Amino acid sequence: MKRSEKYIKYGVKLEDRYLIYEEENRKVAIPYSHMAFLYVSKNNLVIQTDSVERVVIKLDTEDTANELFEDILVYIERLYLK
């Protein structure tokens, strides 16, 4: 299983230009170019956008949160290298 596939159970889908996050009652698409910063706090990944939107993604372990953090950084890097 690819790492990006394991995030689906947390409601996270990594696309080429944006991240899709689904919770119980909402679905959010966050363009990588709009991410102001992101950080890991224990088993949570927090994404802050330019427009002051804040999304907290709860994961099962700190390792999974760190892996998602690294994968998002790779997608951001790819976006700006094109």
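See the structure shown above.
Values in this document were obtained by computation on a predicted structure and should not be read as measured data.

J.: Got a minute to help me understand the sheet that holds strand S6 (residues 54-58) in this structure?
T.: Pairing is antiparallel in the open sheet, where 3 strands are placed in the order S4-S5-S6. Two strands lie at the open edges of the sheet, namely strand S4 (35-41) and S6, each paired on one side alone. Each strand of the sheet is rotated relative to its neighbour by a mean of 15°, with strand direction disregarded. In this structure, S4 lies alongside strand S5 (residues 44-49), joined through 6 bridges in antiparallel fashion. Note on S5: the bridge partner recorded for Met 35 is Thr 49.

J.: Would you mind going over the packing of aromatic side chains with me for this structure?
T.: Two numbers describe a pair of aromatic rings. These are the distance of the centres and the angle of the planes. For the structure on display, the rule yields 2 aromatic pairs. The interplanar angle of 20° and the centroid separation of 5.9 Å between the aromatic rings of Phe 37 and Tyr 39 together place this pair among those described as stacked. The partly exposed category is assigned to Tyr 39, whose relative accessible area is 31%. Above the ring of Tyr 75, the side-chain terminus of Arg 78 is found at 5.1 Å from the ring centroid.

J.: Is there a simple way to explain the pairing of strand S3 (residues 27-31) in this structure?
T.: In S3, alternate side chains face the same way, and those of Val 28 and Ile 30 are buried while those of Lys 27, Ala 29 and Pro 31 on the opposite face are not. In terms of strand pairing, strand S2 (residues 18-22) meets S3 through 5 bridges, oriented antiparallel. Within S3, the residue paired with Leu 19 across the bridge is Ile 30. Between S2 and S3, which pair antiparallel one after the other, the connecting turn spans 4 residues.

J.: Would you explain the pattern of salt bridges in this entry?
T.: Between side chains of opposite charge, a pair can form as their charged atoms come close. This model, assessed by the stated rule, comprises 4 salt bridges. Taking the shortest distance from any N to any O, the salt bridge between Glu 15 and Lys 13 comes out at 3.3 Å. Glu 15 gets classed as partly exposed once you look at its relative accessible area, which sits at 23%. Note that Glu 23 and Arg 26 form a salt bridge whose closest N and O atoms lie 2.7 Å from each other. Among the residues examined, Glu 23 registers a relative accessible area of 36% and is labelled partly exposed. Three or more residues joined by partner-sharing salt bridges are found here, namely Glu 23, Arg 26 and Glu 53.

Definitions and cut-offs
- Residues numbered from 1 in each chain as written.
- Predicted model: local features only at pLDDT ≥ 70, side-chain atom pairs only at ≥ 80, totals over all residues.
- Heavy atoms only, no water.
- Pairing = 2+ DSSP bridges.
- Helix = DSSP H or I, 4+ residues; strand = E, 2+ residues; numbered from the N terminus.
- Axes fitted to C-alpha atoms, helices over the stretch in contact; angles between N-to-C directions.
- Phe/Tyr/Trp six-rings, centres within 6.5 Å; stacked < 30°, edge-to-face > 60°.
- Buried < 20%, exposed > 50% of the residue type's maximum accessible area, 1.4 Å probe, protein only.
- Lys NZ or Arg CZ within 6 Å of the ring centre and 35° of its normal.
- Salt bridge = Lys/Arg side-chain N within 4 Å of Asp/Glu carboxyl O.

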